[in-house]
Each structure stands twice: as structure tokens, then as C-alpha cells.
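Summary of the model geometry
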Amino acid sequence: MPRKLPFRVIHVSGQDESYRAAELNYHSPLTKGWQSSRYCLYPQDIVIQLENRSRLRKIQILSHQYLIATKIEFFVGDVPDEQLQDLENARYTRLGYVSLSDNEKTGYKARELKSVHVDAIGLYLKLNIHKNHINKYNIYNQVGIIAINVIGDDIRRPTDLTDPDVYLDPDKRKAIEADPSLEGLYNKPDFISPLDDLAFDMYQDPEIAGIIRKLEKKKQEAVLQERFEYAKKLKAAISELQKVGEKLGKYEVEKRQAVENEDYDKAKLRKVQMDEYRLQVYKELNLPDLLETSGSRHPQVIDLEPIRQATPPRLQEISYRTPPQTPPPRTPYDERPLPAMKNKDSKPTSDSPPPPRTPYDERVLPVKPPPVPEEEDPAPSETNTGITGEPEPMGEKELREASYAIDAFGEPLVSKAYSKTWSYREDALLAVYKHVQESSVSAKEECRNLLKATIFLIKRAIDDKVYSVFKAGLHLLRMILTEYIPKHKLTKQDTIYAVEKTMPNLLHKGGDTAQRNREDAKNFVLEEASLMEVKPTNIVPHECTKPIKLSLAPRQAQTQCEIVEALYLKLGIKSNTGLTVENLMQFCVTALGHNSDKVREVAERIIKDLYKEVRDPVKDYLPPDNEKTRKITLYRQLFEYFDKVDGKPTKNDVKRKRADDERKKQQEIDMLQQQLQQLKDMAAGKQDYHPSPRPKKHKPKLKGQKQDAAKKKQLDKKKKDDDDVSMYNMDNICIFCGERNESFTEEGLDLHYWKHCPMLKRCTNCKQVVEIASYTEHLLTECEAKTNYQKCPRCTEAIPKSDYDEHIAAKSCNSARASNNHCPLCHQNIASGEEGWKSHLMSREGCKQNPRRLLALNKTPAAGKKAAPKGKKTPR
């Protein structure tokens, strides 16, 4: 009886250091497999050596999900009897090849299991792996194999290889000689145990797999000993443990992924779950009793290999699939058979190993039996026992339900669409696609009947849980809308019928647990809305904006809201788009009452975008804006957003502004008090007067030099000691604008400098009082916000850095001249010198941007102003 043959990899032409060929020696859910080196040369070779010279019956290859070879060739190698068993002495015979699918249909998330039935003798198996399929994930042009499995028989002696006894252990042969009735149990040369299949080890927890094998052996012993009740218990325990092993294998993968992501809390949780679950199952099944570790009531011990069931009939072409846990399974592949072989009844000789047999089977296995993501559910388990067979017959209820489709396409095709086998359902849709596309009926009524029958099958396909069937349904619906209806010149009502009937199914699919199903459904609805044949009908916006039920599932409600949002952003609310303020707001107001916050968030976004476009009409569909409504957080946030859009301050803004005003007012009071203290200090002879709250930075150097010169001239004229300032007649005079006023006491001058002097201004940043003539220099070198400014080389003004690039690029500023002064207020070039500044800042035709100029002009000139002629002022 064929069994799993142990082997080891002894040669590989290249490997990725992280995915070495030694990974192929072991099978488990955590197996990473082998990958070729990056940008390698093809073909790549892998040679494995069997433990003993064996007769190979079945070879299994599990391919990587996106590092996929286009073709794999198989060679069996043997060493002549007179030579040393060494790889260099091996002579190879080509068995044939298999082709692999490009895996595009599954989105590169499933792995293909290829099983090839052969009949060859040798010690070595060589795989010749050809160039890779090109896809966006395989950026280094690599190929990968996750696992290799070889099933066959050890050759015990060089006798007639067609004799079944050659492959029997001596103990089993003796048992047959003692009891000839047992021969039927042992001589099953074609039967392969499911426990030796690669899929078993790739799904199962290794410990559970070992226990299952022990129980299977115990079951065979019990049958031989006629302990049928015991055998029945063992059978039930094996079935239960297979489910347990798959679950533990999934937990092990999740634990490994959590460790790689450094999520040790999750890893610890999975470990605890595994240990508790394992102990619980062992206790419930009472494994020690099942294994009879404490001794058997039947002491006879028979060392047998597993004997499971009668040999199943072998098909010439076996093609079946086990859908992956994620994603759903693929469609059948385009397979090429292996080279033609001799009749299987012909007798091979030891000198010429028999060629391989053609039958093989293929399955799609999950990636490392992965944990199912939260948003995706695995496809239902389905088995296709051969495309050449017939689907199961339809029941009476199904016949009545599908009568319209049966009239159009016939019962054989519709029965495939109703089959429990997903590949039949997909084949049925492909056949309908071809039939409808090539339809040549001309009568409108017949065209409509065919349309209705097709839509009926499309609705079933959209609701199908298998991804490939769902995608085939979308493909068929797209063809109906873009090709069939225009080709047969059907009316707009027929287009509306096709969309109306399928839209509820698409929206319901938007609530699917699998994310890709939700995304595909949503994207197809948006695509429908833009189709040339559908867009004029406005049927898609009309169907999508129907108010949702508050009991609708959160995923479906969220997807529908996202579709409406995308339609609004894409189409707008023009008269011909089908979207209006009314249907959008009615939809959104209903969605605001849904219990899912994600649904409400999407509805809020739509309302906010709509308000920016139409403003007040939006408020007509909301509760009145009053204190009672604003106590509800959702509506308070909406109305505050509306106020912000309208330029109105919100309550928070008003509070912040009031606080800022109080702070600024307090700052001004503090500054005035500081200046008053400076004046008092000056009067007491402690320091010079500075109108600025920061005395060191108040007066520019140029101004100070001019004041010193004026002071020296007055000292020379009156011939007084320059330290006796109190003797000069400079009381009640502003040293900047020259105005004399009796109110210019210490406090009066301070107020004049702070608010009225036309030659001064307060800095908008630090609030210092500075001369307008030196304002640019102050911003660039003295101000506490000087890091926020940069000097323009063209106009020489201080430009905020946030506007600097735009200012330079515009080249619209007034260029400064070296021979003139440049005003930082009006940006004009003016006469040079101090007189130029005074004329520009104080005259009636002067700077229009100086608000203090008009205040100074409106004052009545004080008597005795001649006492302070221009150019003769001295500092106070």
C-alpha cells in the first residue's frame, strides 16, 4: 500500500537566505517553504533523495501564492546496481510536466496544490522549475514552493515488480500466509490514505496529527480483532480530532504572526487558548482509554500499516478543489496533460522505469492555513468530483422558482447554476455570458425575456458566497448594461429594470464580512452610475439615496453611506444627476439616527460638504438651532461647523476672544505702568527716557546720533554745561514730531508717544513703540518675532516668511532706491533724509497708510511751536 515517503533535499540551484530549501524537508502549518534567489536564472533545479529506493505513485507540489512558476518538470533518478549510490552517478528519466495557474483570479492570496499520479522507480526526484508568472507582487522575478510530498512504496527486494507482495512487510506477508482472508485488506496497490496527503499535514497541528495516526492504526487493529464498538469510537474521535487539529493549526499561525509583530499580549493569549483547548479536548475524548495506554483487553499486538477503506475507483482525470480559508477558491485551471504513457498493465523492468500515469488532481490550499481576517469569512467547503460529471438534479421548488430561466437557457444549464459545487455555478455563468453575447434574436419581446432570465441568474450570483462566482455575476451584469441592451436597442425602461432588480443585491453585498466583496460591490455601483447607458436614467442615485432602516447591519449601512458620499462628490447636485438637496438630506438625517458611529460619521461628512455648497437649505431638514438642540453633541458639532462656514464665531470662539481681549488689555495697562515708572526714574535722574516697554530696543542708532548733534549745538549756543539738562528750554516738546504742548508732562508725553505721535507706531508683534523710519530694521533685528520675517532684496521690506515665496515670485513690489527713503507703510519711495520722513508722515499730502497723520493735522498748532524749529530738537 502506498505511503508517505521520507526524503531530504540534497541539491538546489539557488535559494533565498530567508527561505532555504531545507524547509521542504518538513510539513506543518508553519512551513515557510523554499524561494529562489532574486533575479535568478531559469530553470531552477531541486533534487530530493528518498530514504530508500522506492516506487513513486504520487507527487504533490504546493506552490507559493504569487511567486509562481509557469511550469514544473519531473525527473526520476536511479543509480545502476554496480555503481555507488551518489548524486553524480544518478541517471534521470523525464516523467512529464504540469503547468501552474497565474493565480490572478484569486488576487494572489490562495496557493495551488498540484497532485500528479505517476508510476516510476528510483532513489532521486528532480524538479525542473521554469520561469515565473509576472505579477505586481513578484518584484524580484522569483519562484517559490511551499511543500513537496512523495507517496509510494519501498522496494524490499529485486523481484518481479508487478508482484504486490514485493511491497509488503515480512510480518504482513506472514499474516496473509496464516490467514488468506486478510489478503484483501493488504493488497491495495492503488489506495492512498488521506492521512498521507499533503493537505492533511499542512492544515493539522503536528501533535494532533500524530495522535490521529495512532488512533487510525488502533482502529485497524480493532477491526481485525472484531472489536467493532471500539472501532466506532475511534472513528468518531478521529473525525473530531481533525477539526481540533485544524483549529489549533490556525491558532499556531496567529501566535507566530503576533510574535513577528511583537504583539506579545496576543501571542500569550493564543498560547493559553491552545493549551486550554488541547487539554479540554483530550479530557473530553478520554485519550488514554482510546489509546489503551493502560493496557488492552485484547493483548494481541499486530503491527499493521493503516487499512482504511475500499480502494476508490481511479479516474483518468481527477480535478477537485478545496477552497482556502481565505480567500475563496479559484476557477478550474487550463491544464496540459503529461506525456502519453504506456498501458498501466504493462510490466516495467528494473532497467527501464515505467513512465508516469496521466491522472493528477489539483487543489487550492490556504496560505499557511491563515487566520481568517475579521472582515472576511472563508468560502464554504465544496468538492468538485469532476467537470465531466453532471450536477445534482433540481428540486420541485427550484424548478418552479427558475422556470423563467429554464425556458430561456434549458434545464441542464440552470441546474449547474443551482449546483452545490461552485465550479458548476461559475461554468453556468460563463455559458450564459457566451449565450447572451452571441444571441441573434431580433424580436424585442424575446430580447426582454432573455434579459429577465439573465438578471434572475445574476441576482443569485451576486448573493453567492464564493468570490469567483460573485465576480462572474458582476462581469455578466456589466456586459448586459454595456453591450446587450445597446446592441438590441432596448428601451431606457429595460436598463432601469436591470439596475433596479440587482441594486438591492449589490447593496446587501456591501455588508459582506469579506472586505474585498464589499469593495467590489461598492465600486461596481459607482461604475454603474457612470455608464453611458445608465447615467441618463439617474436610477443609481435614486436607488442608493432611499433612506436606510435603522435596524440595517452596520457594515451594509456604512457601505451605502459611502456610496452616496462618493456619488455626491462625483456627480454633484446638478439638475441632471439625480441627486438633490432633498433626497440627500432625507437620507443623511435618517443615517444620523443609526446606532453605528461609523455610519453617522459618513452622514455628517455629506451634510457638511452639502452645507458648504448650498448653505441655508440644509438647515430646513435639521432640528431648529436653539439651546435645547445644541445640548445634543451631534447637532451642536454640526451647527458650530455651520457657524464657522458662515464666518460667525462659535461659543468657544467668543470665549477665547473675550479672554484674549482681557489679556491684551492687561498687557497694555502693564506697559503703561512700566513707562510711567521709567518716566519717574528719568525725573529722578536714574536713567534716560524710553517710550518703549523695552528701553534697550526703542531708539534706532541714527535717531540717537541726530539728537546728540542737536543737543551739542544748543549747548554751544547757550555756553552751558552739557550735563545741566534742566536749564534748557526743552520742556513740553515731542523730540520726534516737534510738537509743543502744555499737556506734555511726563505722563502726557508718554500718552502722546503711545497713541498720537505721527512719527511713531506700535509694532504689531511685540507692541513696542518704534519710529516708522526704522520699523523694517526693528522687524528684522530687534522684534521678538524677528525669526518670522525675511528681507526682500527688491523692496528691502520685512516680509513674513509664510508669504515670502509668493511675494518674490509675484515681482510686484515697488523697488527701493538707494538715494531715497522707502516707507514700510505705503511701500513708496520718498525724499531722503529726516525732512523727507517728516514731510511724508506728517504733511497733508503724505502717507495715506499712517492713521496718526490725520490726527496730528486736525490738532490746532500749539502756541510757541517755533521754539522747536525743524532739525533743532534735542532728546528729552
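Throughout what follows, the structure given in this document is the object of discussion.

What counts and what doesn't
- Position numbers for residues count from 1 along each chain, tracking the sequence in the order it is written.
- For this predicted model, a pLDDT threshold of at least 70 governs which residues receive local features, and a threshold of 80 or more governs which side-chain atom pairs are given and counted, while totals over whole chains, interfaces and linings are taken from all residues.
- The side-chain values count all of the structure's non-hydrogen atoms but skip hydrogen atoms and water molecules.
- Take the buried residues of types Ala, Val, Leu, Ile, Met, Phe, Trp, Tyr and Cys, join any two whose side-chain atoms come within 4.5 Å, and each joined set is a nonpolar core.
- Burial classes follow relative accessibility: with a 1.4 Å probe on protein chains only, a residue under 20% of its type's maximum area counts as buried, one over 50% as exposed, and anything between as partly exposed.
- Here a strand is any run of E in DSSP of at least two residues, a helix any run of H or I of at least four, and the numbering for each starts at the N terminus.
- The contact criterion used throughout is that any non-hydrogen atoms of two residues lie within 4.5 Å.
- Lines fitted to the C-alpha atoms define the axes, with helices restricted to the stretch that makes contact. Angles between their N-to-C directions range from 0 to 180 degrees.
- Working definition: roughly parallel below 35 degrees, roughly antiparallel above 145 degrees, roughly perpendicular at 65 to 115 degrees, and oblique for all remaining angles.
- It is the rotation of the near helix from the far one that decides the hand of a crossing: anticlockwise by less than a right angle makes it left-handed, clockwise makes it right-handed.
- DSSP bridges decide pairing: two strands pair if at least two such bridges lie between them.
- A helix is expected to span 1.5 Å for every residue after the first.
- Note on aromatic pairs: the rings of Phe, Tyr and Trp (six-membered ring only in Trp) are paired at centre separations within 6.5 Å, and the planes decide the class, stacked below 30 degrees, edge-to-face beyond 60, tilted for the rest.
- Note on criteria: charge over ring means Lys NZ or Arg CZ within 6 Å of the ring centre, with the direction from the centre no more than 35 degrees off the ring normal.
- Counted charges follow a simple rule, with Lys and Arg positive, Asp and Glu negative, and His plus the chain ends left uncounted.
- Note on definitions: salt bridges are taken to be side-chain nitrogens of Lys or Arg within 4 Å of carboxyl oxygens of Asp or Glu.
- Whenever two N or O atoms come within 3.5 Å, that pair is a polar contact, provided that in protein one can donate a hydrogen and the other can accept it, and provided that, for residues adjacent in sequence, both atoms are side-chain atoms.
- Under the scheme applied here, ten amino acids are nonpolar (Ala, Val, Leu, Ile, Met, Phe, Trp, Tyr, Cys and Pro), four are charged (Asp, Glu, Lys and Arg), and all others, including Gly, are polar.
- In this description, the arc belongs to the directions extending from the helix axis to the C-beta atoms.

**Considerations on the nonpolar core**
- Ranked by internal contacts, the top residues of the largest apolar core, which has 85 residues, are Phe 409, Tyr 484, Val 540 and Leu 567.
- Top element by residues in this core is helix α13 (residues 467-487). It accounts for 12 residues.
- The contacts of Leu 567, once residues within four sequence positions are left out, are Leu 526, Ala 529, Val 540, Pro 541, Cys 544, Gly 572 and Leu 579.
- Within the second largest apolar cluster, 30 residues are counted, among which are Ile 48, Val 116, Ala 120 and Leu 127.

**Focus: the packing of helix α4 (residues 206-224) against helix α5 (residues 228-260)**
- In the contact formed by α4 and α5, the axes pass within 9 Å of each other and the chain directions differ by 165°. In terms of their interaxial angle, α4 and α5 are classed as roughly antiparallel. Between α4 and α5 lies a crossing of left-handed hand. For the pair formed by α4 and α5, the contact residues are Ile 208, Ile 211, Ile 212, Leu 215, Glu 216, Lys 218, Lys 219, Ala 222 and Val 223 on the first element and Phe 228, Tyr 230, Ala 231, Leu 234, Lys 235, Ala 237, Ile 238, Leu 241, Gln 242, Val 244, Gly 245 and Leu 248 on the second.

**Considerations on the pairing of strand β5 (residues 71-78)**
- Along β5, seven of the eight residues are buried, which leaves the element largely enclosed by surrounding structure.
- Where β5 and strand β6 (residues 91-99) come together, eight bridges link them in antiparallel fashion. Looking at the pairing, Phe 75 lines up with Arg 94 of β6.
- Across six bridges, the pairing between β5 and strand β7 (residues 111-129) is antiparallel. Directly across from Phe 75, in β7, lies its bridge partner Lys 126.

**A word on helix α17 (residues 554-571)**
- Helix length check: α17, at 18 residues, gives a terminal C-alpha distance of 25 Å against a target of 26 Å (1.5 Å per residue), a fit within 8%.
- For α17, the set of buried residues is Gln 556, Ala 557, Thr 559, Gln 560, Cys 561, Ile 563, Val 564, Glu 565, Leu 567, Tyr 568 and Leu 571.
- Those residues of α17 that are buried are in contact with α14 (492-509), α15 (515-530), α16 (539-544), α18 (581-591) and α19 (597-614).
- Gly 572 sits one or two residues past α17 and shows a positive phi near 75°.

**Examining the packing of aromatic side chains**
- All told, the structure shown has seven aromatic pairs when counted by the stated rule.
- Judged by centre distance (3.9 Å) and plane angle (20°), the ring pair of Tyr 611 and Phe 642 falls under stacked. Within this pair, whereas Tyr 611 is found in helix α19, its partner Phe 642 is found in helix α21 (residues 633-646), the two being separated by 31 residues in sequence.
- Among the aromatic residues, those joined into a ring-pair cluster are Tyr 66, Tyr 108 and Tyr 137.
- Taking the ring centre of Tyr 418 as reference, the NZ or CZ of Arg 460 above it sits at 3.7 Å.
- One residue, Lys 761, lies across the ring of Tyr 775, its end atom 4.3 Å from the ring centre.

**Notes on the environment of Glu 240**
- Residue placement: Glu 240 occurs in helix α5.
- For the pair Glu 240 and Leu 285, spaced 45 residues apart in sequence, the C-alpha separation works out to 9.0 Å.

**Some remarks on the side chain of Asp 196**
- Relative to the assigned elements, Asp 196 resides in the loop between α2 (183-186) and α3 (198-203).
- Arg 213 is the oppositely charged side chain nearest to the buried, salt-bridge-free Asp 196, at an N-O distance of 4.6 Å.
- Aside from chain neighbours lying at most four places away, what touches Asp 196 is Pro 2, Arg 3, Lys 4, Gln 60, Asn 149 and Ile 151.

**So, the side chain of Gln 44**
- Within the secondary structure, Gln 44 is located in strand β4 (residues 44-63).
- Assessed through its relative accessible area of 5%, Gln 44 is described here as buried.
- Within the local environment of Gln 44, its side chain forms a polar contact with the side chain of Ser 13, the two groups lying 3.1 Å apart.
- Setting aside residues up to four positions removed in sequence, Gln 44 forms contacts with Ser 13, Gly 14, Trp 34, Ser 36, Leu 127, Asn 128 and Ile 129.

**Description of the packing of helix α11 (residues 422-437) against α13**
- The interhelical angle for the contact between α11 and α13, taken along N-to-C directions, is 10°, at an axis separation of 10 Å. What the angle tells us is that α11 and α13 run roughly parallel. Across the interface between the two elements, Trp 422, Arg 425, Glu 426, Leu 429, Val 432, Tyr 433, Val 436 and Gln 437 from α11 touch Ser 468, Val 469, Ala 472, Gly 473, His 475, Leu 476, Met 479, Ile 480, Glu 483, Tyr 484 and Lys 487 from α13.
- A breakdown of the residues in the contact of α11 with α13 according to their chemical character gives 11 nonpolar, four polar and four charged.

**Focus: the environment of Glu 543**
- The residue Glu 543 is located in helix α16 in this model.
- Judged by relative accessible area, Glu 543 falls into the buried class, the value being 9%.
- Each C-alpha atom of the pair Glu 543 and Val 499 lies 9.0 Å from the other, and the pair is 44 residues apart in sequence.
- Once residues within four sequence positions are removed from consideration, Glu 543 is found in contact with Glu 500, Met 503 and Gln 560.

**Quick word on helix α6 (residues 264-285)**
- Its 22 residues give α6 an end-to-end C-alpha distance of 31 Å, which sits within 8% of 32 Å, the value for a rise of 1.5 Å per residue.
- The set of residues buried in α6 consists of Ala 267, Arg 270, Met 274, Tyr 277, Arg 278, Val 281 and Tyr 282. Down the axis, α6 shows its buried residues gathered within 130° of arc, on one side only. Seen from the open side of α6, the exposed residues pointing more than 90 degrees away from its buried face are Asp 265, Lys 268, Glu 276, Leu 279, Lys 283 and Glu 284.
- On the buried face of α6, the contacting elements are α4, α5 and α7 (287-291).
- Following α6 by one or two positions, Asn 286 adopts a phi angle in the positive range, close to 55°.

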